[in-house]
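Fold and geometry: a report
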Amino acid sequence: MRQMTSAVCEQGMKMNRFVKTALLGSVSVAALFWPVAAQAQSSDTNLLAKPADPTAEAAPQASSDTGVEELGDIVVTGSRLRSEYNTATPVQIINAETARNAGAFDTAGIIMRSVAALGVQQVNNKLSATGAGGRVVDGGNNAQTVGLRNLGAGRTLVLLNGQRLTPAGTGSRVGQVDLNTLPSSMISRVEVLTGGASSIYGSDAIAGVVNIIPRKTSDGVELNLDGNVSEHGGGNYVQGALFWGEDFGQGTLTVAAEYRRQEALKNRQRERTSCAQDYVYDPRTGQRTDLLDTSGNIKCRNLNPTGIFFDYTWYGGWFQYAPGAAGASYPASALGLRNVLPDWVRTARGGFPETYTYGISDSPAYQNADSISPLSTGSLYVAGSYELAPDIEAYGNVLLNRRVSSSDTWQFLYPLLSPTNPNNTVAAGLIQASGGNSTGLVQPQMNMAQEQRQNVNYGQITAGVRGGLEMPIIARPWSWDVSGHAGRSDGEYSSSFFYADRLAAATAPGVACNAALISISGPTNCVSIPWLSKRFLVDQDWTDAERSFLQGRETGRTKYDQLGIDGSISGALFDLPTGSVDLATGFTIRYQALNDTPGYNARNGNYFASSTAGITKGSDTVQEVFGEIGVPLLADLPVVEKLTFTGSGRYTNYRSFGSDETYKAGLGWTVNNWVSLRASTGTSFRAPSLYELYLANQLSFYAYSDPCVRYGDTAGPTVAANCASQGFAPDFNPANNGITAVTGGGKGQLKAETSRNKSVGIVLTPAFADLSIAADYYSIAVRNEVASYGVGSIISRCYNSPTFPGNNFCARVTRDPMTRAITVVDDRLVNLAQQKQRGIDLSASFRQPLGFGDFGLNVQWNWVFENSLRRDENSYEDRNGLSGNPKTVGWVEANLKVEDLSFFYGFNFIGPTNDAKYYDGDNLFNYCGAYAGRTVPGNRNDCLQVAEKLTVGSYMTHYVSVRWQIEKDLSGQIGIINMFDKKPPVMGSDSYTYRTGSVPSNLYDLRGRTVSIRLGKTF
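Residues numbered from 1 in each chain as written. Predicted model: local features only at pLDDT ≥ 70, side-chain atom pairs only at ≥ 80, totals over all residues. Heavy atoms only, no water.

1. A few points about the overall build of the chain
- When helices and strands are counted, the chain shows 18 helices and 45 strands.
- Here the chain has a C-alpha radius of gyration of 31 Å; the compact-globule value for 1019 residues is 31 Å, and the two agree.
- Principal axes of the C-alpha set define a box for the chain whose edges measure 100 × 65 × 60 Å.
- The proportion of buried residues among the 1019 residues of the chain is 57%.
- Contacts spanning at least 24 positions in sequence make up 74% of the contacts within the chain whose residues lie at least 6 apart.
- Carbon and sulfur atoms provide 56% of the accessible area of the chain, an area that totals close to 39,100 Å².
- In the chain, the 85 positive side-chain charges and the 91 negative ones have mean positions that sit 5 Å from each other. (Helix = DSSP H or I, 4+ residues; strand = E, 2+ residues; numbered from the N terminus. Rg over C-alpha atoms; globule rule 2.2 N^0.38 Å. Buried < 20%, exposed > 50% of the residue type's maximum accessible area, 1.4 Å probe, protein only. Contact = heavy atoms within 4.5 Å. Areas by Shrake-Rupley, 256 points an atom, 1.4 Å probe, with all protein chains shown as cover. Lys, Arg positive; Asp, Glu negative; His and termini not counted. Charge placed at Lys NZ, Arg CZ, Asp CG, Glu CD.)

2. Remarks on the packing of aromatic side chains
- Tallied over the full model, the rule gives 29 aromatic pairs.
- Here the aromatic rings of F925 and Y927 are separated by 6.3 Å at their centres, their planes lie at 65 degrees, and the arrangement is edge-to-face.
- Site record: aromatic cluster; members linked through ring pairs are Y918, Y919, F925, Y927, Y931 and Y992.
- Taking NZ or CZ as reference, R215 lies 4.0 Å from the ring centre of F243, over its face.
- The ring of F1019 is capped by K1017, whose NZ or CZ atom sits 5.4 Å from the centre of that ring. (Phe/Tyr/Trp six-rings, centres within 6.5 Å; stacked < 30°, edge-to-face > 60°. Lys NZ or Arg CZ within 6 Å of the ring centre and 35° of its normal.)

3. Describing the nonpolar core
- Grouped together as the largest cluster of nonpolar side chains are 39 residues, with contacts concentrated most on W531 and L532.
- Listed by contribution, the elements that provide at least two residues to this core are α9 (364–367), β16 (392–413), β17 (442–471), α11 (500–506), α12 (534–538) and α13 (544–550).
- In contact with L532, not counting residues within four places along its chain, are F309, W344, L417, N423, N424, T425, V426, V442, P444 and L537.
- Counting residues in each nonpolar core, the second largest holds 36 residues, with I110, M112, L148 and V782 among its members. (Core = buried A, V, L, I, M, F, W, Y, C linked by side-chain atoms within 4.5 Å.)

4. Notes on the pattern of salt bridges
- One pass over the full model with this rule turns up 41 salt bridges.
- A salt bridge links D106 to R260; the shortest N-O distance between them is 3.6 Å. Here D106 is found in the loop between α3 (96–101) and α4 (107–111), whereas its partner R260 is found in strand β8 (residues 251–262), with 154 residues between them in sequence. In terms of burial, D106 and R260 fall into one category: buried.
- In this structure, R1009 and E231 form a salt bridge, with 2.6 Å as the shortest nitrogen-oxygen distance. Placement of the pair is R1009 in the loop between β44 (999–1000) and β45 (1010–1018) and E231 in the loop between β6 (222–230) and β7 (237–247), with a sequence separation of 778 residues.
- On the basis of relative accessible area, R1009 is assigned to the partly exposed category, the value being 23%.
- E231 sits in the partly exposed class, given a relative accessible area of 46%.
- One connected set of salt bridges, linked through shared partners, spans E97, R100, D226, R963 and R1014. (Salt bridge = Lys/Arg side-chain N within 4 Å of Asp/Glu carboxyl O.)

5. Some details on the pairing of strand β20 (residues 579–597)
- Pairing analysis gives 19 bridges linking strand β19 (residues 551–576) to β20, with the strands arranged antiparallel. The residue bridging L563 from the neighbouring strand is Y591, located in β20.
- Once β19 ends, the chain turns through two residues before running back antiparallel as β20.
- Summarising the sheet, β20 and strand β22 (residues 616–637) pair through 15 bridges and their orientation is antiparallel. In the sheet register, R590 faces β22, and the bridge partner there is V622. (Pairing = 2+ DSSP bridges.)

6. Considerations on helix α17 (residues 717–725)
- For α17, the full list of buried residues reads V719, N722 and C723. One side of α17 holds all its buried residues, which, seen down the axis, span an arc of 100 degrees. Counted as exposed and oriented over 90 degrees from the buried face of α17: P717 and S725.
- As for α17, its buried residues are in contact with α16 (711–714) and α18 (791–799). (Arc of directions from axis to C-beta.)

7. Considering the state of the cysteines
- Under the criterion given, the structure shown has five disulfides.
- Here C513 pairs with C526 through a disulfide, and the sulfurs are 2.2 Å apart. On the S-S bond that ties C513 to C526, the torsion sits near -70 degrees, and the link is left-handed. In this pair, C513 sits in the loop between α11 and α12 while C526 sits in the loop between α11 and α12, placing the two residues 13 residues apart along the sequence.
- The disulfide partner of C928 is C943, and the gap between their sulfur atoms is 1.9 Å. Sign of the S-S torsion, about 95 degrees for the bond between C928 and C943, identifies this disulfide as right-handed. Here C928, found in the loop between β38 (924–927) and β39 (944–948), pairs with C943, found in the loop between β38 and β39; they are 15 residues apart in sequence, far enough to count as distant.
- What connects to what in the chain, once the bonded cysteines are numbered by sequence position, is 1-2, 3-4, 5-6, 7-8, 9-10. (Disulfide = S-S within 2.5 Å.)

8. Observations regarding the UniProt feature "domain: TonB-dependent receptor-like beta-barrel" (unreviewed entry) in the chain
- Sites flagged by UniProt as "domain: TonB-dependent receptor-like beta-barrel" (unreviewed entry) map to residues 510–978.
- The distance from the first to the last C-alpha atom of residues 510–978 is 61 Å, and the span holds 9% helix and 54% strand. (UniProt positions renumbered as here; feature names shortened; annotations may be inferred.)

See below:
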């Protein structure tokens, strides 16, 4: 086995050296002929994108009405050679008009019709209500990116007409294309190359390439109004667009303008997001055993309590305000301290489940959070070309965009109030009641709204010249293309926050407010805060002075610049008996710079329990040369109508980390006029992005997670032994303020990601029917993946290790020397070992003329065989089939055109998921806390075994629409999306992925039944 591995490695090294040598040789040959200018017959003039003109219009209206795509002829993404050499590369075609039938009006929605993206948890505007502060994501709040194959947006390259786009967004983690910047009204189709393509397109193309092909012409000035209106209110969408394109013979001009607005959908507006339940059952009877509220209904456990305080050192549970007669309704187990704290009752006491019933676990801030965040964009796209001379054409485009978006979420305020602070009105009673065991140190806690806002201005300009020339020596016409682009994203983001230094001052010992502790946000006047008064803690009726002292708002700014120059030349080298041997070669030079400057208090870590970061600033340059060759191996033989070989290679040099080489080899075999086979293999890579290199220390806050908490109840022998070795008692349960995670860049440490990609496929186009079927097997293995381990993973690996505490994971965990609680986890970016994806894509289209009209059927489906991650040599995480990672997804659409009417019906399918396998196939848990003491009252170790709902069945939504061509220049369409009002699935709180309320992941429709409307007028 060892000898075989060495041989394979040696073979790979030889292949890379061969590719690099051949590549540089082809570039040198091309350089010799580059200055030659000759007039030649007309030929392809945009080989940076594809062998045919990428701005060519989609199929005629009748064809798009039936939603049928020709799988063989219009595929252009994936090769820089002539179209006959594209057969080795699987590409999914998404027609923009077909996507709109399903209510997908915006660019992100159109692209998500690709099944390589459909079953993936994308970064979008559905993440604000997944936890306090929302999720920290690449691109910042409300960016919309696309990642294929569950490999992340950073491993998917997005192009506009074959050209790279400048990344956009806010915050320190900007590095991907924000689809909000692209007006959907200018899209003709989207071509999704579903495999690695770094040798063709460069870095980032590990999972694939999304190439957006714009429209070029129209019959006049088109005005369109599109909208989705929810039956249940909230989440409505409206879009207005103008498009005009004209071919003047000697040139073309295209203009697209668009405004779109997505309205908010609040948690409170849907039952399954307004109420997060535990979803636990008696494993013997199957009956729900969830905690109940005071009305006897299943309790919503949306968040940690608000308007309460914790005793930090002695008494468990929390203290809730219930003065006088209000406390009479509470059980006796909640009233034990009424003699010293007459206005307070004890709730959430371990071993006393009846006290959890009364516990506060909801707030207006949670209910008002955005399960779909509002945003609006305005876009302008202008493109044109002009023939300067025969066979020489100038071309270019300008893209401008502005996004205004917001996120309503929630945040917690839970400072530690000194027992000697005059505003600690309960310290004496706690100390007295506990006989001195309580120190009187308390932690008031409030849940409050957090408002996050983003404004992003974006622009990119592209200009180039292309044409044809007669190559000397070989005397053949070739095509050349030289272009440059410059882009900038300039974003501002703001958020409300609590001043950490002012909180320290207002909770200090001995005085109501110690101005000397205001070391960052001062100087300012100290304000005495009545922390435990009903007005301040429970009603949250703060005075202006209190609010302005404790709470601030500031703005950060993110700039991302990109400059690039690309050049290519291609054509036929010579003829073989089977056809011409074609070559394409070229170069790329690109510069990128990121500068994110958070607000002053964020830069100085002066936010309480909210993410902060320093200035993230850095730049990089890349220089690349590439080559691609196509060879017709066989032709016109029995069972071999055509057999072609394509090979490509690229040499890349990044200033930040060095150089790399990638290659790809493919075979296209046309057996006869209706059977074709294709196969390819190659390597791809991704250089660390700017934020991954230069990210300043970013602080994020997580709920407390500690394997040693009450390890005597349920922990395994390894964890129990490791916790005991640190001197922790079996019922160890430290007071805590959550966990701070530190994330930072890895310049000088991170290596480039590499991948190996394989695909094998078959295409059937039988002569007896207008039918196309394509099935492709794919395999992608990514090595050295840049990511963080995750706070929970680091802590778990530390305490589950037999080498505790001497392993690398334990070195990342810091405990407070006094309370012994975990306080900080170092979660900096590292190169993880390997991530794998394997599966099959199926595409099919059928068209049949009928006596009264035309019928069409489209199918896109995906089955995932493997979706795994190895974070290191000793770990293996099988994600396939877990929540957010379904094993199968797809959609089907049928179309019927009868004269001026077109009818559409389709359904979207997301396969089942089962998170029990994440817990070794078991959904049985020992629930303590609210579930302890049901058998033995008062015994918090009397935990309850429950079966948790960790499975989700298949999820299918249907849509139907009718389009009427009222007049030649006037059309209308009305449809129903999610016509049966299918609700999103629910899952228990131990789901593998995040939840919005009880809904796992962001794959499912939160709005419910929606009416879709389209109006179009051409002038």
